[in-house]
Amino acid sequence: MNDKHGHKVDLDRENSWYKKAQKLLLNKKIIDVKWCNWDDEDYSTTGLVFTTNNDVSFFLLKKINRKSMLIRESGRSSDYITPSFGFGCLFKCSYCYMRRHVKNGLSVATNTDDILNAITEHANSLQYPKTPNQTHNSYYTYDFSCNEDFILHAKFHDWVKIFEYFMLDDRIMGTAATKYVNDDLLTFNPNKKIRIRFSLMPQEISDKLEPGTSKIIDRIKAINEFMAAGYDVHINYSPIIVYDNSKQAYAELFDLVNKHVHDSYKEQVTRCTSIT
C-alpha cells in the first residue's frame, strides 16, 4: 500500500511507528491506515488517517519552534497562562474550544527553554510577596496546559524539566487540568508545586462528550494517589451540564467523591465551572 506521495505504507503491526501510533490512539484497535506521509520515518512529522474500532480518526503530531511567548492573565483557576508547550489535543471532547482552532492533532514545542525563560521574565516583573487570592495564598499560579491536555501528552514533553522548573522557584507554581490519569507522573514528587486539576462529570454524560478519556471513577481514585505523591490536586466539576436526570447524576457523582477521597483532602480539592 502506498500513501498519496507514493511512499510505501507498511501495515505490519510490529513496525515501531505502528506501535507508537497505537499508543497515541490510547491503544484502540487499528483496523486500517488510509494514508501516511513521513520524512525518513521521522515520527514527529508523520500524518496518519486511521480507522479505529469502526471510528475514523485523523491524527497529526508536529514538533515546532513555538514563536508566541505571550503570557496571558487568567484570573480563574490560575493567575496566568503560559505560552503553549502543546497546542491541540488527542482527545475529542465535543465541548472543547480547542476543536475550533485545531480540529485534529497536536503541535509540540521543541523550544521548551524559551518558554521557561519567558515565564521567568514575567515572574520577575511581579510584586512579592503575592497578595493571596483564590488560586493560591503564596504562589503565583501558571497554567501550562491551557491549550492541550498536558497530562495526557506528557510523554511528548520534557515534563520532568518543566515540573522541576516550577518546583525550584519559590515564587510560582504550575497547574494543569486533565481528563487523563497518567500514572507515570507518580514517580515524581513536585513538593506541592504542581497542581493537577481532574475534571469530573457524571459518567453517563462523559461517555457521550469525552470519548476515550479516563473513567470518572479512575480520576476520583487517582486524587488520593497524586496527593500522596506530592502533588497539589483540585477537582474541576467542569463543565457542569444540565440535562434530564442531571440532578440525580451529580448527586451520585458527589457521593463517589465523598466515598473515595480521603477526608483530609476534601477541603482542598473542589472547584466548579458551569455550561448549560
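Look above for the structure.
Residues numbered from 1 in each chain as written. Predicted model: local features only at pLDDT ≥ 70, side-chain atom pairs only at ≥ 80, totals over all residues. Heavy atoms only, no water.

Caption draft 1: Here's a closer look at the pairing of strand E7 (residues 106-109). Judged by which residues are buried, E7 turns out to be covered on both faces: Leu106 and Val108 on one side and Ser107 and Ala109 on the other are all buried. Of the strand pairs in this sheet, strand E6 (residues 86-88) and E7 are connected by three bridges, and their pairing is antiparallel. Bridge pairing links Gly86 to Val108 in E7. (Buried < 20%, exposed > 50% of the residue type's maximum accessible area, 1.4 Å probe, protein only. Helix = DSSP H or I, 4+ residues; strand = E, 2+ residues; numbered from the N terminus. Pairing = 2+ DSSP bridges.)

Caption draft 2: Summary view of the pairing of strand E10 (residues 194-199). The buried fraction of E10 amounts to six of the six residues, a majority that puts the element mostly inside the structure. Taking every second residue as pointing to the same face, both faces of E10 are buried, with Ile194, Ile196 and Phe198 on one and Arg195, Arg197 and Ser199 on the other. For E10 and strand E11 (residues 232-240), the ladder comprises five bridges, and the chain directions are parallel. Each bridged residue has a counterpart across the sheet, and for Arg195 the counterpart in E11 is Asp232.

Caption draft 3: The arrangement of the environment of Thr135 in detail. Within the secondary structure, Thr135 sits in the loop between helix H3 (112-124) and strand E8 (140-143). Using a relative accessible area of 4% as the deciding quantity, one classes Thr135 as buried. The spacing of Thr135 and Thr175 is 40 residues in sequence and 9.9 Å in space, taken between C-alpha atoms. Those residues within four positions of Thr135 in sequence are excluded, and the remaining contacts are Arg76, Ser77, Ser78, Asp79, Lys130, Thr141 and Arg195. (Contact = heavy atoms within 4.5 Å.)

Caption draft 4: Quick look at the packing of H3 against helix H5 (residues 159-168). H5 packs onto H3 with a crossing angle of 15 degrees between their chain directions and a minimal axis gap of 11 Å. Here H3 lies roughly parallel to H5, going by the angle between them. Relative to H5, H3 is oriented so that their crossing is right-handed. Touching Thr112, Asp113, Leu116, Ile119 and Thr120 of H3 are Lys161, Ile162, Tyr165 and Phe166, all from H5. (Axes fitted to C-alpha atoms, helices over the stretch in contact; angles between N-to-C directions. Parallel < 35°, antiparallel > 145°, perpendicular 65-115°, else oblique. Left-handed = near helix turned anticlockwise from the far one by under 90°.)

Caption draft 5: Structural view of the pattern of salt bridges. In total, this model carries eight salt bridges according to the counting rule given. As a salt-bridge pair, Asp113 and Lys161 come within 2.4 Å of each other at their nearest N and O atoms. Highlighted residues: Asp113 in helix H3 and Lys161 in helix H5, separated in sequence by 48 residues. You can call Asp113 partly exposed: its relative accessible area is 41%. By relative accessible area, which is 32% here, Lys161 ends up partly exposed. With its nearest N and O atoms 3.0 Å apart, the salt bridge here joins Asp169 to Arg171. This pair shows no difference in class: Asp169 is buried, exactly as Arg171 is. (Salt bridge = Lys/Arg side-chain N within 4 Å of Asp/Glu carboxyl O.)

Caption draft 6: Representation of empty space enclosed by the protein within the structure. Counting across every chain of the model gives one cavity of 30 Å³ or more. Of the voids in this model, the largest cavity is the one considered here, and its volume is about 40 Å³. For the largest cavity, the full set of lining residues is Ile81, Thr82, Ser84, Phe85, Gly86, Asp143, Phe144, Ser145, Cys146, Asn147 and Glu148. (1 Å grid on protein atoms, 1.4 Å probe; cavity = no way out; pocket = protein on both sides within 12 Å on 5 of 7 lines; lining within 4 Å. Points joined across faces, edges and corners; volume = space filled by probe spheres on them.)

Caption draft 7: Here's a closer look at the side chain of Asp149. With respect to the secondary-structure elements, Asp149 resides in the loop between E8 and helix H4 (150-153). Here Asp149 occupies a buried position and makes no salt bridge, while the nearest side chain of opposite charge, Lys179, is found at 5.4 Å. Only 2.8 Å separates the side chain of Asp149 from the side chain of Thr178, close enough to count as a polar contact. Not counting chain neighbours up to four residues away, the residues in contact with Asp149 comprise Gly88, Cys89, Phe91, Ala177, Thr178, Lys179 and Tyr180. (Lys, Arg positive; Asp, Glu negative; His and termini not counted. Polar contact = N/O pair within 3.5 Å; in protein donor to acceptor, adjacent residues only side chain to side chain.)

Caption draft 8: Spatial organisation of the environment of Asp218. With respect to the helices and strands, Asp218 occurs in helix H7 (residues 216-229). In this structure Asp218 comes out as partly exposed when scored by relative accessible area, which is 39%. Counting along the chain gives 39 residues from Asp218 to Lys179, while the straight-line C-alpha distance between them is 10.0 Å.

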